[in-house]
Amino acid sequence: MDETANIVWDGVARGYIPPVNLRISPSLKLHTQGATDVDPITYEVIRNTFTSINLEHGQTIQKLSISPITMIVRDFQCAILTEQGDVMCLGPYLLYLGNMQGIFTKWILENRSGDPGIKEGDVFLCNDPYVGTSHQQDTGLTCPVFWNGELFCWVSNSVHYSDVGGPVPGSFCLTSQNIHEDPPCFPPIKLVEGGKIRTDVEQLFLRQSRIPQTVAMDLHAALAGLRVAQERIVKLIKTYGPDIVKGVMNRMMDAGERAIEKKLELIPDGRWSERVYTEAAVPGDRGIYVSRINIVKENGYLYIDNQGTSPQVGSINNTFAGLVGACLAPLTIMLAYDLGGICGGLYRRIKFRPVPGTITCADYPAAISTAGVFNMPMVVATATGAVSKMVACADSPLREKAIAMADVHAYGGCIFNGINQYEQFFVGMSAGMASGALPASLARDGVDTGGLFWVPGMEASNVEENELAWPVLTLYRRENAAEEAGAGRFRSGLGVEEAWILHGTDRMDMQIYMNDSFVKNQGLLGGNSGGRAFFKVKRNTNARQYLAEGKLPQSFDELNGDDAPIFFKGPPVNLEVNDIWSTNLPNFAGYGDPLDRDPTLVVQDVSQGKMTVEAAQKVYGVVFKEGGLLDIERTEACRAGRKQQRLF
Amino acid sequence: MERQRIFIGDNLKLENINGEACYTCACGNILGPWEANFKEGCTLKESPISSLGPGYASSDPDMENRMCFREFFCPNCGVRHATEVARIGDPYLWDVQPKLSSGAVSES
Ligand SMILES: [Zn+2]
């Protein structure tokens, strides 16, 4: 007998799952009346205005925030929701944050509409992962938009705040065994009431942070985004009337659903799965754990579960909201790529059957704060594997949209703190994943340093921007080689390695870094898996001597010094003045048998210096004549021989 | 939609052979029936992950030695249909089971 079977999905003991019919206090009046006869031109004008309002919301956050992770990398999301809290429009930002805003807004409708009430001019703040955030740092704000005393719709955002408290700078608490050792969780609370910021609540939130001024600026940027979106929606209602605007919203949801239905018709019924491994529930743990996503397609619906996933443990957990958000990210990219961010119809066609008490759908009080760099990308990767195999079975032209897995622990960078060149305490997040790599798809190679597909609007910071923000110098930033990692008939785009040294300070603590003990990525249908993410440190080097002589070190090997032992999840690494370190975002997954790759594509990689002649032969069975020309006959013979060898 | 053939990978498909849904290779080899994991009909090679090349080298060999890289080849023509990074001893992932025509989808 499962003792947890009676625990309800209420956002307290277990992640919140909104019921189909929300229990909303009758004191809150909802605007539901929508015209059904909107002419096509008005429909298109209003539909596109909604998209541009949401983009303006995002641009406001990006322009007013001061943390590089928000301002440059765009680790946030904004949305427009129906009066019932269903996500309608999503921005081109971090996709897994989208649907969560619907989940916590629905929780607010159910749990706050009676007491203290939901009123015009309110903004609720929520960073409770059990209610509906990916981890505590991704704090959500949601703002009801009223018209004539009726709740018309919602605008919302989720932003990664650089430090929201807890025992560790940056708030990623690797050693937490439960949520009480994590940064604090705030279930939805009114941050703004009647159009005025509640300074008591703002102070409560900022008081937890080591960098309250930075978090305050980012919080006000998020509030400004809501204000812009809310004002523009009210203006839209004033221009066209509430019933016309609501009629367009209803039609946008229905049209989106029909577009998804058409895509689903191209996919046969069936069952697809992916399995991804992770390690170290807390520092020092030698355990290996499983994330699993299974999809059943039947009668025009997708049913998704995480059966086969390891029980919740240590600090490597996410809640139901994280599971849903992470599964929807690759589904949005592979099924809703042509909907311009109007994704509400997609969500109607997907049903979740989560297994609670697992690392990807944990029950209270599991620790959640590290999910942003470990679990969330891991579940995105697991879901990507399952979705891509499903889409690979579809008819053209959908089939060609199947894209292989990106990184499993997609940080590629690091999170660090110390005293900066301006003599201030700081917390830095280098998002090495931002330069990214698009994995292979069924139709073509991935894109070298092509970004992270599940954060379409993400941008990598310039080296100079990093050097301005943090006490560091970049020694080099360069693409990986196109060799075995991510090889396939179509290969992955190439990731990137970046090496650094301190500048303007003599010490820095590295809290979070990615140094996989083993490769975690999975290749797609015969392709090689992606490479291993690594973080390495060389201590007591002579790099400064190089710099004094006007030379830039270009490899670890050319420098004197001692390689420091670095584990996957070790204690913070203290970096000192003569140490250098490098972060690597590996190439992602390849598709298909590398021995079937068009040899001319291999020649192209060799001629562009992305691959050596030796690797071309070893990985792809491609043989060159003297002088660098392709030897077709020997290539064919080599490949045939290699395929024969595989059988013995 | 009536489906008599489903392409899965470059060389892997599900098709009707004498009235039975089977996984087949592009070379014509039958890898097994719809009800079973097509990987059961493949030749398996299991190797240490880092043997694939320097891009997979580990900084923690004890951990890496608990994992392996699996390749599933067509036993007739040698083409590679699937790969897995897996913990040694874990079953093959049964990850692809589309179906040709109406009927229950396996929940296993
Ligand atoms: Zn074959």
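Each value, and the rule that gives it
- Residues numbered from 1 in each chain as written.
- Chains lettered and ligands numbered in written order.
- Predicted model: local features only at pLDDT ≥ 70, side-chain atom pairs only at ≥ 80, totals over all residues.
- Heavy atoms only, no water.
- Helix = DSSP H or I, 4+ residues; strand = E, 2+ residues; numbered from the N terminus.
- Expected span 1.5 Å × (residues − 1).
- Buried < 20%, exposed > 50% of the residue type's maximum accessible area, 1.4 Å probe, protein only.
- Salt bridge = Lys/Arg side-chain N within 4 Å of Asp/Glu carboxyl O.
- Pairing = 2+ DSSP bridges.
- Axes fitted to C-alpha atoms, helices over the stretch in contact; angles between N-to-C directions.
- Contact = heavy atoms within 4.5 Å.
- Buried area = accessible area lost by both parts, 1.4 Å probe.
- Donors = N, O, S within 2.8 Å, 3.2 Å for Na, K, Ca; no water.
- Tetrahedral: all angles 85-135°; square planar, octahedral: opposite > 155°, others 65-115°.
- 1 Å grid on protein atoms, 1.4 Å probe; cavity = no way out; pocket = protein on both sides within 12 Å on 5 of 7 lines; lining within 4 Å.
- Points joined across faces, edges and corners; volume = space filled by probe spheres on them.

**Focus: helix α9 (residues 375-392) of chain A**
An α-helical turn contains 3.6 residues, so any two residues separated by three or four positions project in the same direction. Between the first and last C-alpha of α9(A) there are 25 Å, a value that for 18 residues agrees with the 26 Å anticipated at 1.5 Å per step. The buried count for α9(A) comes to 18 of 18 residues, which makes it a mostly enclosed element.

**Considering the pattern of salt bridges**
One pass over the structure, following the stated rule, counts 45 salt bridges over all chains. Two residues, A:E56 and A:R232, come together in a salt bridge whose shortest N-O distance is 2.2 Å. Separated by 176 residues along the polypeptide, A:E56 in helix α1 (residues 40-64) and A:R232 in helix α5 (residues 212-240) bring together distant segments of the chain. With relative accessibility at 29%, the residue A:E56 sits in the partly exposed group. On the accessibility criterion, A:R232 (30% relative accessible area) is partly exposed. A single salt-bridge network, built from bridges that share partners, covers A:E274, A:R275, A:K389, B:K39, B:E46, B:R70, B:E84 and B:D95.

**Overview of the sheet that holds strand β8 (residues 270-279) of chain A**
Each strand in a sheet pairs with another by means of backbone hydrogen bonds, the pair being arranged parallel or else antiparallel. Read across the sheet, 5 strands follow the order β11(A)-β10(A)-β9(A)-β8(A)-β8(B) without closing on themselves; strand pairing throughout is mixed. Both outer strands of the open sheet, β11 (350-352) of chain A together with β8 (96-98) of chain B, are each paired with one neighbouring strand and no more. Taken over all neighbouring pairs, the strand axes of this sheet differ in orientation by 20° on average, direction set aside. Of the strand pairs in this sheet, β8(A) and β8(B) are connected by 3 bridges, and their pairing is antiparallel.

**Remarks on the interface of chain A and chain B**
Interface size, as often reported, equals the accessible area lost upon joining of the parts. With 59 residues of chain A at the interface, the matching set in chain B holds 55 residues. Both faces combined, the contact of chain A with chain B buries some 4500 Å², and carbon together with sulfur accounts for 48% of it. For chain A, the biggest contributors to the area lost against chain B are A:R271, A:R275 and A:R286; these three give 16% of the whole. The interface formed by chain A and chain B holds 5 salt bridges in total.

**Examining the environment of A:L22**
All names here are of chain A. By the secondary structure assignment, L22 is in the segment before α1. Along the primary structure L22 and E110 are separated by 88 residues, whereas in three dimensions their C-alpha atoms are 6.2 Å apart. Setting aside anything within four residues of it in sequence, one finds L22 in contact with Y16, Q84, K106, L109 and E110.

**Things to note about the sheet that holds strand β13 (residues 425-430) of chain A**
All names here are of chain A. Strand order in the open sheet made by the 4 strands is β13-β12-β16-β19, with antiparallel pairing throughout. The strands lining the two open edges of the sheet, one partner per strand, are β13 and β19 (573-576). The sheet shows a mean angle of 25° between the axes of neighbouring strands, direction not considered. Of the strand pairs in this sheet, strand β16 (residues 507-513) and β19 are connected by 4 bridges, and their pairing is antiparallel. Counted as the bridge partner of M510 is V573 from β19.

**What to know about the coordination of the zinc ion**
Each donor-metal-donor angle would ideally measure 109.5 degrees in four-coordinate tetrahedral geometry, or 90 or 180 degrees in six-coordinate octahedral geometry. All names here are of chain B. Taken together, the protein donors to the zinc ion comprise C25 (SG), C27 (SG), C74 (SG) and C77 (SG), at separations of 2.2 to 2.3 Å. Each of the 4 donor atoms around the zinc ion contributes to a set of angles spanning 106 to 113°, which defines the coordination as tetrahedral. Along the chain, the residues donating to the zinc ion fall in the pattern C-x1-C-x46-C-x2-C. Highlighted residues: C27 in the loop between β3 (20-25) and β4 (30-33) and C74 in the loop between β6 (67-73) and β7 (80-87), separated in sequence by 47 residues. C27 gets classed as partly exposed once you look at its relative accessible area, which sits at 34%. C74 sits in the buried class, given a relative accessible area of 0%.

**Digging into unusual backbone geometry**
Residue and element names in this part refer to chain A. Here the amide bond leading from D115 into P116 is cis, since omega sits at 5°, within 30 degrees of zero. The backbone of R74 shows a phi angle near 70°, a positive value even though the residue is not glycine. When you line up the elements, R74 lands in the loop between α2 (68-71) and β1 (76-82). The backbone of T449 shows a phi angle near 40°, a positive value even though the residue is not glycine.

**Quick word on empty space enclosed by the protein**
Over the atoms a probe the size of a water molecule is rolled, and this reveals where empty space is left. Residue and element names in this part refer to chain A. Per the stated rule, a full pass over the model turns up 6 cavities of 30 Å³ or more. Of the pockets and cavities examined, the largest cavity occupies roughly 140 Å³. In terms of lining residues, the largest cavity is bounded by 17 residues, among which S430, A431, G432, R477 and E498 are the most central. Elements represented by at least two residues in the lining of the largest cavity include exactly β15 (496-502) and β20 (580-585).

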